[in-house]
Amino acid sequence: MNATQFELNPAHIWLEIPDTLKNKVWKKSDTQGTPAMRQRSYLNRLCQAVVLPYLQEHEPNVEALAAVEELWLLGINGTGLTLGEDRILLIPSTTWDLDEVQVPQEWVDIPELAADYHVAVQVDLEDSFMRLWGYTTHEQLKRKGDYSSSRRIYTLDRDELVETIDTLWIRREHFPKLVVAEQLEAIPKPVEASLKSALAVFGNETTIFANRMVPFDTWTTLITDTQWRQQVLEQLLGAQNEQQPFTQLQQWFEQQFEPAWQAVNDLVSPQPQWRKAFRDPHDQVERAKQIDLSTGSSECQVALVLSIESTSQRLNVKTGIYPTNHQTQLPPSLRMRLITDAGELFKEVIADANASFLSYGFEAAAGDRFSVEVSLGSVCVTESFQL
């Protein structure tokens, strides 16, 4: 735990997470979808179970927003609550650094979902506490927040948040009422053909951020219309059920490899830059797998190389993309993305015109899961791993 995480700010609200509640909520969340879906549902469901009773002590009429559990499965973080005409959004995060809050665009720009108040919630599963550490209004978020069109996220720095949570009730009582939904312009509904076309995106098991692959107006209709939302869920869950299982990297230390994972020498020449003499095959091991990025008009194969090294405390992981078939350079604009188990992008590396390889290394712990996404143009291949 770092200093920021344990900062005892009296203006924050600290709530305990009982172990029995964690177990109960996990059983409800661990039922369908990918690990990222289950983890998102778990954090939001836990946030709702802990924070809602606390808020009801101040405002007994606070209620959970209908259909919010389906939004979690669709990749939208946040627990919506209603209080009369007001909507309050809880934004759970397990981050240690309380430098900013990130709010999905759906909770800001869609009239049917937009919240009046956004409350940042830090969730510490290890020490079993939850902290309400700041809130902002919709107006402040739109005016001071930074919007990322590629991620569809509004980000607001900590300095712009109100950290005295109890003032939220004073603000509601004494400030003029502004109905956020009435301030927003209605988002035009796309034609049915566009909606049907978008459904195919969610049926592709190789697509990580399917909701960002369709226009926002189309996405809005798909999630706010009950019938369309159900069709998206059917497509999405059906595709995820067909996904390949996680490659179990711990088995590599026992020299157990799936047939597709070959010795690096068999696929890559020259050898990866990070290679060094093995001290012991039980401490460090690496393998390579051929990735086919060919299209109908061009052929392209590359090698995904993965190296893992066991230390006394952590696991060192290195991922790399190398040319094969005696090629010396990668195609320009080839991308390697590393995705967390929660479905979040934490690193992207892009080949330039003269790139002979791409690589990235990081530390992880036993049991961690991640995915490597390799893409070129419209072709994308994803490999998932568990340490």
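Residues numbered from 1 in each chain as written. Predicted model: local features only at pLDDT ≥ 70, side-chain atom pairs only at ≥ 80, totals over all residues. Heavy atoms only, no water.

(A) Structural detail: the overall build of the protein chain. When helices and strands are tallied, the protein chain shows eleven helices and 18 strands. A burial count over the protein chain gives 49% of its 387 residues as buried. Here the contacts in the protein chain between residues at least 6 apart in sequence split such that 64% fall between residues at least 24 apart. When the accessible area of the protein chain is evaluated, it comes to approximately 19000 Å², of which 46% is carbon and sulfur surface. (Helix = DSSP H or I, 4+ residues; strand = E, 2+ residues; numbered from the N terminus. Buried < 20%, exposed > 50% of the residue type's maximum accessible area, 1.4 Å probe, protein only. Contact = heavy atoms within 4.5 Å. Areas by Shrake-Rupley, 256 points an atom, 1.4 Å probe, with all protein chains shown as cover.)

(B) Spotlight on the sheet that holds strand β16 (residues 358-364). The antiparallel open sheet is built from four strands, whose spatial order is β11-β12-β13-β16. Here the strands that pair on one side only, and so sit at the sheet edges, are β11 (284-292) and β16. Here the average twist between neighbouring strands, direction ignored, is 15 degrees. (Pairing = 2+ DSSP bridges. Axes fitted to C-alpha atoms, helices over the stretch in contact; angles between N-to-C directions.)

(C) The pattern of salt bridges, seen in detail. Counted under the stated rule, the structure contains twelve salt bridges. For Glu139, the salt bridge identified is with Arg143, shortest N-O distance 2.7 Å. With a gap of four residues between them, Glu139 and Arg143 both fall in helix α5 (residues 138-144), about one helical turn apart. Glu139 sits in the partly exposed class, given a relative accessible area of 42%. Here Arg143 falls in the exposed class, since its relative accessible area comes to 51%. The shortest N-O distance in the salt bridge between Glu373 and Arg337 comes to 3.3 Å. Residue Glu373 is located in strand β17 (residues 369-376), and its partner Arg337 is located in strand β14 (residues 335-340); the two are separated by 36 residues in the primary sequence. The partly exposed category is assigned to Arg337, whose relative accessible area is 22%. Counted as one network, the salt bridges with shared partners bring together Arg335, Arg337, Glu348 and Glu373. (Salt bridge = Lys/Arg side-chain N within 4 Å of Asp/Glu carboxyl O.)

(D) Examining a negative patch on the surface more closely. A cluster of like negative charges, contributed by Asp97, Asp99, Glu100, Asp146, Asp157 and Asp159, occupies part of the molecular surface. Mapped onto the elements, Asp97 comes out in the loop between β4 (86-93) and β5 (100-104). (Patch = residues over 30% accessible without salt bridge, like charges linked within 9 Å, V, L, I, M, F, W, Y side chains within 5 Å. Lys, Arg positive; Asp, Glu negative; His and termini not counted. Charge placed at Lys NZ, Arg CZ, Asp CG, Glu CD.)

(E) Up close: the sheet that holds strand β2 (residues 63-64). One open sheet holds the six strands; their spatial order is β1-β7-β6-β4-β3-β2, and the pairing between them is mixed. Only two strands of the sheet have a single partner each, and these edge strands are β1 (13-16) and β2. As paired elements, β1 and strand β7 (residues 129-137) share four bridges and run antiparallel to each other. Bridge pairing in β7 places Leu15 opposite Met130.

(F) Highlighting the confidence of the model for the protein chain. Looking at the protein chain, the pLDDT average stands at 83 and 87% of residues meet or exceed 70. Element-level mean pLDDT values for the protein chain span from 69 in helix α7 (residues 180-183) up to 96 in helix α4 (residues 106-109). Under a pLDDT of 50 for its full length, residues 1-5 has, in the predicted model, 16 contacts with residues more than four places off or in other chains. This model gives residues 276-281 a pLDDT under 50, and the stretch forms nine contacts once residues within four places in sequence are excluded. (pLDDT = per-residue confidence, 0-100.)

(G) The arrangement of the environment of Val201 in detail. As for its placement among the helices and strands, Val201 is situated in helix α8 (residues 192-202). Overall, the relative accessible area of 22% leaves Val201 in the partly exposed class. In this structure the C-alpha to C-alpha distance between Val201 and Gln235, which are 34 residues apart in sequence, comes to 8.7 Å.

(H) Up close: the packing of aromatic side chains. Taken as a whole and assessed by the stated rule, the structure comprises twelve aromatic pairs. An angle of 40 degrees between the planes, with centres 4.9 Å apart, marks the rings of Tyr147 and Tyr154 as tilted. By way of ring pairs, the aromatic residues Trp252, Phe257, Trp261, Phe346, Tyr360, Phe362, Phe370 and Phe385 are connected into one cluster. When the ring centre of Phe257 is taken as reference, the NZ or CZ atom of Arg287 above it lies at 3.9 Å. (Phe/Tyr/Trp six-rings, centres within 6.5 Å; stacked < 30°, edge-to-face > 60°. Lys NZ or Arg CZ within 6 Å of the ring centre and 35° of its normal.)

(I) Molecular detail of the pairing of strand β18 (residues 379-386). Most of β18 is tucked away: six of the eight residues are buried. In the sheet, strand β10 (residues 247-248) pairs with β18 via two bridges, with the strands oriented parallel. Bridging across to β18, Gln248 finds its partner in Gln386. Sheet topology places β17 next to β18; eight bridges connect them, and they run antiparallel. Note that in β18 the partner of Ser375 across the bridge is Cys380. Between the end of β17 and the start of β18, which pair antiparallel, lie two residues, with Gly377 showing a positive phi angle near 65 degrees.

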